[in-house]
Amino acid sequence: PPLTHGSLAGPQIVVSVYGPDFFGNDVVRGYGAVHVPFTPGRHTRTIPMFVPESTSRLQKFTSWFTGRRPEFTDPRVVAQGEGREVTRVRSQGFVTISFNVV
């Protein structure tokens, strides 16, 4: 089930990946979030990444021309998913993270 605000699901790690575009500008390559495991031991999680997309051709062209792509300014949007259902996003690969919990 989707998480709701105030949920007792535990802490999360929010990942933001950046890299250079064709013009050498640092742009967002993907966002993702994963819950931190509570049980002791080594845990590996694969995080599906996504990026926000422009909604019109004019916005897409302007983003490409200026080198500025849509970004989330608040990491809580990634962690909670609130507001993301009205934001167009595109799947953008995966990040694998390992936890060593004591």
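Residues numbered from 1 in each chain as written. Predicted model: local features only at pLDDT ≥ 70, side-chain atom pairs only at ≥ 80, totals over all residues. Heavy atoms only, no water.

- The protein chain is annotated in an unreviewed UniProt entry as B9 domain-containing protein 1 from Hemiprocne comata.
- UniProt lists a comment for the protein chain under the heading Subcellular location (unreviewed entry), and it reads "Cytoplasm, Cytoskeleton, Cilium basal body".
- One UniProt comment on the protein chain, placed under Function (unreviewed entry), says "Component of the tectonic-like complex, a complex localized at the transition zone of primary cilia and acting as a barrier that prevents diffusion of transmembrane proteins between the cilia and plasma membranes. Required for ciliogenesis and sonic hedgehog/SHH signaling." (UniProt positions renumbered as here; feature names shortened; annotations may be inferred.)

### Points about the environment of Arg88
Working step 1: Mapped onto the fold, Arg88 is located in the loop between helix H2 (75-80) and strand E4 (89-101).
Working step 2: Relative accessible area serves as the criterion here: at 44%, Arg88 is assigned to the partly exposed category.
Working step 3: In this structure the C-alpha to C-alpha distance between Arg88 and Glu53, which are 35 residues apart in sequence, comes to 5.5 Å. (Helix = DSSP H or I, 4+ residues; strand = E, 2+ residues; numbered from the N terminus. Buried < 20%, exposed > 50% of the residue type's maximum accessible area, 1.4 Å probe, protein only.)

### Some thoughts on the pairing of strand E2 (residues 26-35)
Working step 1: Pairing analysis gives nine bridges linking strand E1 (residues 12-20) to E2, with the strands arranged antiparallel. Following the sheet pairing, Val14 is matched in E2 by Ala33.
Working step 2: Following E1, the chain reverses through five residues before pairing antiparallel with E2; Gly24 in that reversal takes a positive phi of roughly 90°. (Pairing = 2+ DSSP bridges.)

### Quick notes on the packing of aromatic side chains
Working step 1: Inspection of every chain in the model, using the stated rule, returns one aromatic pair.
Working step 2: Ring geometry for Tyr31 against Phe50: centres 6.4 Å apart, planes inclined by 45°, an arrangement best described as tilted. Residue Tyr31 is located in strand E2, and its partner Phe50 is located in strand E3 (residues 41-52); the two are separated by 19 residues in the primary sequence. Here Tyr31 matches Phe50 in class, with each residue buried. (Phe/Tyr/Trp six-rings, centres within 6.5 Å; stacked < 30°, edge-to-face > 60°.)

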